[in-house]
Amino acid sequence: MLRIFENTSVLTWTAARAANRVSCSDNDYAVEVSDLTAVYGRVEVLCNVGLTIAQGESVAVIGPNGAGKSTLLKCIAGAVRPVAGCIRWFGDATPRRDILCRKIGYVGQQEGLYAELTALENLLFAGRMNGVANIHDRAGALLADAALELQAHRPARQLSQGMRQRLAIARSVVHEPKLVLLDDPSSSLDTVGCQWLTQLFRRWRRAGQTVCFVSHDATLTRNLADRVVQLEAGRIVGIERGSRPPTTLQRSA
Amino acid sequence: MSSRQIVNSLWWLIHKDLSRELRAQLVWPSTVLLGLVLVFLLATQLDLPVEEKTQVAGGLLWLAIFFAGSLACERSFTTERDNGCWQVLAMYPIAPSVLFLAKMAVNLVALAILELVLVPMFIVLSDVPLGARPGPLLLTATLGNVGFAAVGTLVSGLTTGLRHRGSVLALLLLPLVIPVLFGSAEATRMLISDQINSQWWLWIRLLAVFAFVFTILGALLFEFIMEE
């Protein structure tokens, strides 16, 4: 399978639109976004955005504040309904809501943790809502992985910002989603936290999970992403290749 | 979703809200306090002959319960909005109607607790024989609570993302709950006056229909409310 990457940092919208389509069969796409337009009130946040993300691929979305990065992520997560355009998830443009939710793990700009519940209870609740079997074992493993074992019975409000971010990321993958969407995952993480995140990305790649994340951290972005999509004023203005080694999907090309 | 999954989700959603409330006292203390102040003011100002007092007592009691209860309904969503929890909740594979029913159930518990405190206090302060017919009173209160919780949950969910949600909530909620308020007040007035007749049953039926319609409507419309 042929894969097209653009190496120039800035492209015109037309060129970017042509370039961001990965050449593979429909079933290989985790996400296909076409002509997506989203508005908040009268403000057009996204304008005719087109993007495809292959399964197992890691795509970073970068851009200045207000570029529409988080909105794009929310649209892909199904949390915001666009006014125009189409999104297909794993080849399906109109999936059942519960089926789509089971395939997606999402962490927004805010962690979405219940401050009064303990770290363990937050994971247990997320697991129960997702119908995860053996949720106690799964939650324990995730807490251990995020180095939060000692904080398991502490309320989330007593955790540090970085711990809460790790807990939120752990919560987003409690149901082992095929597509992980993270809005600025490294924002509150220290060096150790960033290393943990890097390891997590590697594990997701080995498991064939697709990742799309928004980031302002240029180094992390280039290390973790197969492709870097640059948004400006709601439009894709550039797509770069990340420095991450090619995924299984790419190697098979 | 199987019915077992639905019941499980409903239970854990209610469990989560009750756990949060019991640990942090997010909503209920302020709701009960507002109710106590209203009941105290209304009951102590009710300096009327017994006959006239029984005519207005029910209306005043329900007015206090609904004002204080609207605070509980409104806060049940704002605490969820804090820290982006609502967005995460909306992304779980649970039917929006289940989420609505869970929120409504928690609001029903809040209203029940509120009434457990306010009704005895109102009886003591106003000296109205409200507790003489506990069965009919319980039926009136239950149907009034279900109707109010259904409308309150629906409207609170609708306004929770708005900047001026307090004023919009009042504008939408108060006209919508007038049938419940009126029905509950009339049914209570009649049971205080020992007039449990066909007319009383008519008010009870109105409350039951209202509760049923708004519960179904809320469960159906909640999907649109959940969208950002």
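Residues numbered from 1 in each chain as written. Chains lettered and ligands numbered in written order. Predicted model: local features only at pLDDT ≥ 70, side-chain atom pairs only at ≥ 80, totals over all residues. Heavy atoms only, no water.

Section: the sheet that holds strand E9 (residues 235-241) of chain A
Residue and element names in this part refer to chain A.
- Ordered by their spatial adjacency, six strands build an open sheet running E5-E6-E7-E3-E8-E9, and the pairing between neighbours is mixed. Of all the strands in the sheet, the pair left with one neighbour each is strand E5 (104-107) and E9. Averaged over all neighbouring strand pairs, the angle between strand axes comes to 15 degrees, with direction disregarded.
- As defined by bridge partners, E5 adjoins strand E6 (residues 179-183) across four bridges and the pair is classed as parallel. Across the sheet, tyrosine 106 pairs through a bridge with leucine 181, a residue of E6.
- Running at roughly 155 degrees to E6, helix H2 (residues 69-77) makes contact with strand E3 (58-62), E5, E6, strand E7 (210-214) and strand E8 (227-232) of the sheet.
- With respect to the sheet, helix H6 (residues 161-172) is in contact with E5 and E6, its orientation differing from that of E5 by roughly 165 degrees. (Pairing = 2+ DSSP bridges. Helix = DSSP H or I, 4+ residues; strand = E, 2+ residues; numbered from the N terminus. Axes fitted to C-alpha atoms, helices over the stretch in contact; angles between N-to-C directions. Contact = heavy atoms within 4.5 Å.)

Quick notes on the confidence of the model for chain A
Residue and element names in this part refer to chain A.
- Chain-level statistics for chain A give a pLDDT mean of 84 and a share of 85% at 70 or above.
- No element of chain A has a lower mean pLDDT than helix H1 (residues 13-19), at 36, and none a higher one than helix H4 (residues 119-129), at 96.
- Here residues 1-25 is a poorly scored stretch, pLDDT under 50, and it has 64 contacts once near neighbours within four places are set aside; other chains count.
- Contacts of residues 245-253 to residues separated by more than four positions or lying in other chains number 18 contacts, the stretch itself having pLDDT below 50. (pLDDT = per-residue confidence, 0-100.)

Quick notes on the nonpolar core
- The biggest cluster of nonpolar side chains holds 108 residues, and the ones touching the most others in it are Trp204 of chain A together with Leu13 of chain B.
- When residues in this core are grouped by element, the largest group, eleven residues, is from helix H5 (residues 96-126) of chain B.
- One finds Ala38, Leu51, Val59 and Leu231 of chain A within the second-largest nonpolar core, a separate group that totals 33 residues. (Core = buried A, V, L, I, M, F, W, Y, C linked by side-chain atoms within 4.5 Å. Buried < 20%, exposed > 50% of the residue type's maximum accessible area, 1.4 Å probe, protein only.)

As for the domain arrangement of chain A
All names here are of chain A.
- Considered domain by domain, chain A is made up of domain 1 (1-90 + 179-247) and domain 2 (111-177).
- Counting from both sides, the interface comprises 14 residues of domain 1 and, opposite them, eleven residues of domain 2.
- Both sides together, the interface formed by domain 1 and domain 2 hides about 990 Å², and carbon and sulfur atoms give 61% of it.
- On the surface where domain 1 and domain 2 come into contact, there are one salt bridge.
- Between aspartate 145 and arginine 203 there is a salt bridge, with the nearest N and O atoms lying 3.0 Å from each other.
- Residue assignment for the side of domain 1 that touches domain 2 shows that the elements contributing at least two residues are E6 and helix H7 (191-206).
- Here the side of domain 1 that touches domain 2 gets five residues from one element, more than from any other, and that element is H7.
- Classifying every residue of the side of domain 1 that touches domain 2 by side-chain character gives nine nonpolar, three polar and two charged. (Domains from an automatic or database assignment. Buried area = accessible area lost by both parts, 1.4 Å probe. Salt bridge = Lys/Arg side-chain N within 4 Å of Asp/Glu carboxyl O. Nonpolar A, V, L, I, M, F, W, Y, C, P; charged D, E, K, R; others polar.)

A few points about helix H5 (residues 135-145) of chain A
Residues and elements named next belong to chain A.
- Of all the positions in H5, only Ile135, Ala139, Leu142 and Leu143 are classed as buried. Seen end-on, H5 carries its buried residues on one side only, within an arc spanning 100 degrees.
- In this structure, the buried side of H5 is in contact with H4 and H6.
- Positive phi shows up at alanine 147, right after H5, with a value of about 55 degrees. (Arc of directions from axis to C-beta.)

Observations regarding unusual backbone geometry
- One non-glycine residue, asparagine 134 of chain A, lies in the positive phi region at around 45 degrees.
- Along the chain, the position of asparagine 134 of chain A falls in the loop between H4 and H5.
- A relative accessible area of 59% places asparagine 134 of chain A in the exposed class.
- Unlike most non-glycine residues, aspartate 194 of chain B shows phi in positive territory, near 60 degrees.
- Following the sequence through the fold, aspartate 194 of chain B ends up in the loop between helix H7 (165-192) and helix H8 (198-226).

Some words on the sheet that holds strand E2 (residues 43-54) of chain A
Residue and element names in this part refer to chain A.
- Strand order in the open sheet made by the three strands is E2-E1-E4, with antiparallel pairing throughout. A single partner strand is all that each edge strand has here, and the edge strands are E2 and strand E4 (84-89). Averaged over all neighbouring strand pairs, the angle between strand axes comes to 15 degrees, with direction disregarded.
- Here H2 sits on the sheet and contacts strand E1 (29-40), E2 and E4; the angle it forms with E1, its principal contact strand, is near 120 degrees.

Thoughts on the interface of chain A and chain B
- Contact residues are listed per partner, giving 28 residues for chain A and 28 residues for chain B.
- Looking at the side of chain A facing chain B, the largest losses of area belong to Arg97, Glu116 and Met129 of chain A, adding up to 26% of the total buried there.
- Summed over the shared surface of chain A and chain B, the result is two salt bridges.
- Across the salt bridge formed by glutamate 116 of chain A and arginine 20 of chain B, the nearest N and O atoms sit 2.6 Å from each other.

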